[in-house]
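What follows is each chain in one-letter form.
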Amino acid sequence: MRAMVLDEPGRPLRAAQLPDPEPGPSQVLVRIEGCGVCRTDLHVVDGELAHPKLPLIVGHQVVGTIEGDGGSRFEAGERVGVPWLGWTCGVCRYCRSGRENLCDEARFTGYQLDGGYAERTIADERFCIPLPLEYPDVQAAPLLCAGLIGYRSLRMAGDAERLGLYGFGASAHIVIQIARHQGRRAYAFTRPGDEAGQGFALELGAEWAGGSDGPAPEELDAAIIFAPAGELVPQALRATAKGGTVVCAGIHMSDIPSFPYELLWGERVVRSVANLTRRDGEEFMALAPEIPIRTEVEVYELEHANEALDRLRAGRVRGAAVLRIAS
Ligand SMILES: [Zn+2]
Ligand SMILES: [Zn+2]
């Protein structure tokens, strides 16, 4: 099969021909139709996340069809999604309390397990997610992480009416649609001068869009930070009303600069969101077509994965980047 392989962090992915992977017990073989490109892929490729499996196939928003034996949950030919959460132990205190996203032994797709920048992958059938039929393959891909993590982050923001979104990329472009559907008001903070990003946010129903360096147009009840920039934490706290929550949605962030306690005072909360549970997946995949969420995608061929990552790194992707993988 064709695959894009990470040999070492800090180097571009290498196009390779590899043997098809063979499923082990409770695993299924998936023929990949498309795979979303996530900022987390970039953190792995750029070496900001420690100890990836090497060599590695990144990508954890995998849309494909079951090939051969569908195991106990699926039939051959059925479409599934393979998300970031690839395996959990099932017995630790987190797993047993509905918090498998925090499992100490968890393994993640496209990080400790080979992922979707390839024609085929193997996945634990218990962690595969059936996808809503309404979405073509490439449009479905960003639901698997950008959508899922965004959904979980929005839940952590509580019932905030005035919601700030810091970084308007793949995740925010989905979250804003859920937020609007729930009757919330959204404010988009982009890189200073990113007029394209601000225009995109306004098209999707933002009340306001502007640079993250300027003041917020009004007080926020909660903020979700998608951009991996630690300085946004004190900025978002400054913009948030008493009792409000600032949610850090990314897996990696630059150091958070020190800030006066006054910014946190007033029962403000700063928290992170880590990974996803299978339950998040079921809930969100049921919700997406109901709203309905529309994903805006930039499509790349598998061999152009490095180009897609470069555009993401430069903040130039409108919506989500997705690799189309026709085998
Ligand atoms: Zn566990
Ligand atoms: Zn992701």
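Read on for a plain summary of the structure. In this text, all values refer to a predicted model and were calculated from it rather than measured experimentally. Residue indices follow the written sequence of each chain, beginning from 1 at its first position. Following the order in which they are written, the chains are lettered starting with A and the ligands numbered starting with 1. With pLDDT at 70 or above as the cut-off, local features in this predicted model cover only qualifying residues; side-chain atom pairs require 80 or more to be listed or tallied, and sums for whole chains, interfaces and linings still use all residues. By convention in this description, side-chain values take in all heavy atoms of the structure and omit both hydrogens and water.

1. What about the overall build of the protein?
Regarding its fold elements, the protein presents eight helices and 17 strands. Dimensions of the protein, computed from the C-alpha atoms along their principal axes, are close to 55 × 40 × 35 Å. Expressed as a percentage of its 327 residues, the buried residues of the protein come to 54%. Residues count as neighbours in contact if any of their non-hydrogen atoms are within 4.5 Å of one another. Of the contacts made within the protein by residues no fewer than 6 positions apart, 69% connect residues no fewer than 24 positions apart. Here the accessible surface of atoms and residues is derived via Shrake-Rupley with a 1.4 Å probe, and residues count as covered only by protein chains that are part of the display. Of the roughly 14,100 Å² that the protein leaves accessible, carbon and sulfur atoms contribute 49%. By the counting rule applied here, Lys and Arg register as positive and Asp and Glu as negative, while His and the ends of each chain are not counted. Note on charges: their place is set at NZ of Lys, CZ of Arg, CG of Asp or CD of Glu. Computed over 33 positive and 45 negative side-chain charges, the separation of the two mean positions in the protein equals 3 Å. For the purposes of this entry, the term helix denotes a DSSP run of H or I that reaches at least four residues, the term strand denotes a run of E that reaches at least two, and both are numbered from the N terminus. The buried label applies to any residue whose accessible area, calculated with a 1.4 Å probe on protein chains only, is under 20% of its type's maximum; exposed applies above 50%, and partly exposed to all values in between.

2. Some points on the coordination of the zinc ion (ligand 1)
Here the coordinating atoms are restricted to nitrogen, oxygen and sulfur within 2.8 Å of the metal centre, or 3.2 Å for Na, K and Ca, and because water is not among them the sites may look incomplete. Taken together, C89 (SG), C92 (SG), C95 (SG) and C103 (SG) make up the full set of protein donors to the zinc ion (ligand 1), lying 2.3 Å away. Irregular is the default label, applied whenever a site is not tetrahedral (four donors, all angles between 85 and 135 degrees) and neither square planar nor octahedral (four or six donors, opposite donors over 155 degrees apart, all other angles between 65 and 115). In this structure, the zinc ion (ligand 1) is coordinated by four donor atoms arranged in tetrahedral fashion, with angles at the metal of 104 to 116°. Positions of the donor residues of the zinc ion (ligand 1) along the chain correspond to the pattern C-x2-C-x2-C-x7-C. Here C89, found in the loop between β6 (85-87) and β7 (107-108), pairs with C103, found in the loop between β6 and β7; they are 14 residues apart in sequence, far enough to count as distant.

3. Remarks on helix α7 (residues 278-290)
Helices are assigned an expected span. That span is 1.5 Å times one less than the residue count. Between its first and last C-alpha atoms α7 spans 19 Å; for 13 residues at 1.5 Å apiece the expected length is 18 Å, and the two agree. Listing the buried residues of α7 in full gives D280, G281, F284, M285, L287 and A288. On its buried face, α7 is in contact with β9 (129-130), α3 (146-156) and α4 (170-181).

4. So, the environment of M156
Position of M156 among the secondary structure elements: in helix α3. Residues M156 and S97 lie 59 residues apart in sequence; the distance between their C-alpha atoms is 18 Å.

5. As for the layout of surface pockets
It is the rolling of a water-molecule-sized probe over the atoms that shows where space remains empty. Approximately 350 Å³ is the volume attributed to the second largest pocket. Think of a 1 Å grid over just the protein atoms. A cavity is a set of points where a 1.4 Å probe fits yet cannot get out, a pocket is an open set with protein on both sides within 12 Å along at least five of seven lines, and lining residues have an atom within 4 Å of a point. In terms of lining residues, the second largest pocket is bounded by 24 residues, among which Q27, L113, D114, I122 and A123 are the most central. With five residues, strand β8 (residues 120-124) is the largest single contributor of residues to the lining of the second largest pocket. In this classification, the charged set is Asp, Glu, Lys and Arg, the nonpolar set is Ala, Val, Leu, Ile, Met, Phe, Trp, Tyr, Cys and Pro, and all remaining amino acids, among them Gly, are polar. Partitioning the lining of the second largest pocket into residue classes produces 14 nonpolar, six polar and four charged. Grid points are joined across faces, edges and corners, and a volume is the space filled by probe spheres set on the points.

6. Topic: helix α5 (residues 195-203)
Among the residues making up α5, those that are buried are G197, Q198, F200 and A201. For α5, the angular spread of the buried residues around the axis is 160°, confining them to a single face. The exposed residues of α5 that point more than 90 degrees off its buried face are E195, A196 and E203. Tucked inside the fold, the buried residues of α5 contact α4, β11 (185-190) and β12 (208-211). Of the residues trailing α5, G205 is marked for its positive phi of about 105°. Directions pointing from the helix axis toward each C-beta atom define the arc.

7. Some remarks on the coordination of the zinc ion (ligand 2)
Coordination of the zinc ion (ligand 2) by the protein comes from C38 (SG), H60 (NE2) and C145 (SG), over a distance range of 2.0 to 2.2 Å. As a motif over one chain, the donors of the zinc ion (ligand 2) read C-x21-H-x84-C. Here C38, found in the loop between β3 (27-37) and α1 (39-45), pairs with C145, found in the loop between α2 (137-140) and α3; they are 107 residues apart in sequence, far enough to count as distant. Assessed through its relative accessible area of 8%, C145 is described here as buried.

8. A short note on the nonpolar core
Among buried residues, the Ala, Val, Leu, Ile, Met, Phe, Trp, Tyr and Cys ones that are joined through side-chain atoms within 4.5 Å form a nonpolar core. The biggest cluster of nonpolar side chains holds 96 residues, and the ones touching the most others in it are Y117, L165 and F284. By size, the runner-up hydrophobic cluster in this structure holds 15 residues, among which are Y166, V233, A236 and A239.

9. Digging into the sheet that holds strand β10 (residues 162-166)
The pairing criterion for strands is at least two bridges between them, as found by DSSP. With parallel pairing, six strands are arranged side by side in an open sheet as β12-β11-β10-β13-β14-β15. Of all strands in the sheet, those bounded by a partner on one side alone are β12 and β15 (269-272). For this sheet, the mean angle separating the axes of adjacent strands, direction not counted, is 20°. Of the strand pairs in this sheet, β11 and β12 are connected by four bridges, and their pairing is parallel. Its bridge partner being in β12, Y187 is matched across the sheet by W208. Docked against the sheet, α4 engages β10, β11 and β13 (220-225), running at close to 170° with respect to β10. Lines are fitted to the C-alpha atoms to define the axes, a helix being fitted only along its stretch in contact, and any angle between axes, read from their N-to-C directions, falls within 0 to 180 degrees.

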